[in-house]
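# Report on the structure
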Amino acid sequence: MNRTHRRITLGLGIGAAAALSTALLALTPVAAQADAPADTGRAPAHAAAARTAAEPDFADKTLRISYDNGYKFELRFEGADTAHWKVLAGQDPAEGTVKVRHREESPGVHRLKWTEADGTTVEQVQNWNTDTVTAVIEFEQDGAKQRLDLKGTFDVVC
């Protein structure tokens, strides 16, 4: 392999790595933008890498969530990707463990999604700046799809 060919090969390898890095960062664009300096709108490369590696606010925490309609839940996170939920009030007793998908929408604001064992889907937005939460819960009842739009607050139990 001659010297010119090695440089081209090396250049292609670096290009592929850059493309992969760009593709991976594209999966979490909000996290990368959250650290951006106000004057440029661009995050330094080291800040974006640190941001994507950091645990979200809810990781390893237990929350008590109170919705405006009287529903109360306990939500205990094991890391950031697993949660155990438990009905405390407003519904028949129930609980379960779910895998959680999440992303940070902006600093301190997290969007979480999960599907429960019975097919119920939950999309929840936790705002750690204001200790508020909104949720959309979709489930089937009597053969028809139902949707609940909820607003409430949360407290960190531990």
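Summarised in this report is the structure supplied together with it. (Residues numbered from 1 in each chain as written. Predicted model: local features only at pLDDT ≥ 70, side-chain atom pairs only at ≥ 80, totals over all residues. Heavy atoms only, no water.)

### Overview of the packing of aromatic side chains
For clarity, the threshold we go by: Pairing of aromatic side chains here covers Phe, Tyr and the six-membered ring of Trp, requires ring centres within 6.5 Å, and sorts the geometry by plane angle: under 30 degrees stacked, over 60 edge-to-face, intermediate tilted. For every residue, the accessible area obtained with a 1.4 Å probe (protein chains only) is divided by the maximum for its type, and the residue is called buried under 20%, exposed over 50%, and partly exposed between those limits.
All told, the structure shown has 4 aromatic pairs when counted by the stated rule. Centroid distance Tyr 67 to Phe 73: 6.0 Å. Interplanar angle 75°. Geometry classified as edge-to-face. The burial state of Tyr 67 is the same as that of Phe 73; both residues are buried. An angle of 80° between the planes, with centres 6.3 Å apart, marks the rings of Tyr 71 and Phe 73 as edge-to-face. One exposure class covers both Tyr 71 and Phe 73, and it is buried.

### Points about unusual backbone geometry
Worth spelling out the cut-off: A run of H or I in DSSP counts as a helix once it spans at least four residues, and a run of E counts as a strand once it spans at least two, with each numbered from the N terminus.
At Asp 131, a position not held by glycine, the phi torsion is positive, near 55°. Within the secondary structure layout, Asp 131 lies in the loop between strand 7 (121-127) and strand 8 (132-141). In this structure, Asp 142 is a non-glycine residue whose phi angle is positive, near 55°. Relative to the assigned elements, Asp 142 resides in the loop between strand 8 and strand 9 (144-156). Given a relative accessible area of 80%, Asp 142 falls into the exposed group.

### Quick notes on the environment of Thr 134
Put simply, the test is: Between two residues, a contact is recorded if the distance between any of their heavy atoms is within 4.5 Å.
In this fold, Thr 134 is placed in strand 8. By relative accessible area, Thr 134 is classed as partly exposed at 35%. With residues up to four places along the chain from it excluded, the contact list for Thr 134 reads Glu 123, Gln 124, Val 125, Leu 150 and Lys 151.

### What to know about the nonpolar core
A general feature of soluble globular proteins is that nonpolar side chains tend to end up buried together. We count it as follows: Throughout this description, the term nonpolar core refers to a set of buried Ala, Val, Leu, Ile, Met, Phe, Trp, Tyr and Cys residues connected via side-chain atoms within 4.5 Å.
Ile 65, Tyr 67, Leu 75, Phe 77, Val 100 and Trp 114 are the most contacted members of the largest nonpolar core, which totals 24 residues. If you list the elements that add at least two residues to this core, you get strand 1 (62-67), strand 2 (72-78), strand 3 (82-89), strand 6 (109-115), strand 8 and strand 9. Every residue in contact with Tyr 67, bar those within four places of it in the chain, is listed here: Phe 73, Gln 124, Val 133, Ala 135, Leu 150, Lys 151 and Gly 152.

### Comments concerning the pattern of salt bridges
Rules: Any carboxyl oxygen of Asp or Glu within 4 Å of a side-chain nitrogen of Lys or Arg constitutes a salt bridge here.
The final tally for this structure, using the stated rule, is 8 salt bridges. One salt bridge in this structure joins Lys 145 and Glu 138, with 3.9 Å as the shortest N-O distance. The class of Lys 145 is exposed, set by a relative accessible area of 66%. A salt bridge links Glu 138 to Arg 147, with the nearest nitrogen and oxygen atoms 3.7 Å apart. For Glu 138, a relative accessible area of 24% gives the class partly exposed. Connected via shared salt-bridge partners are Arg 103, Glu 105, Arg 111 and Glu 123.

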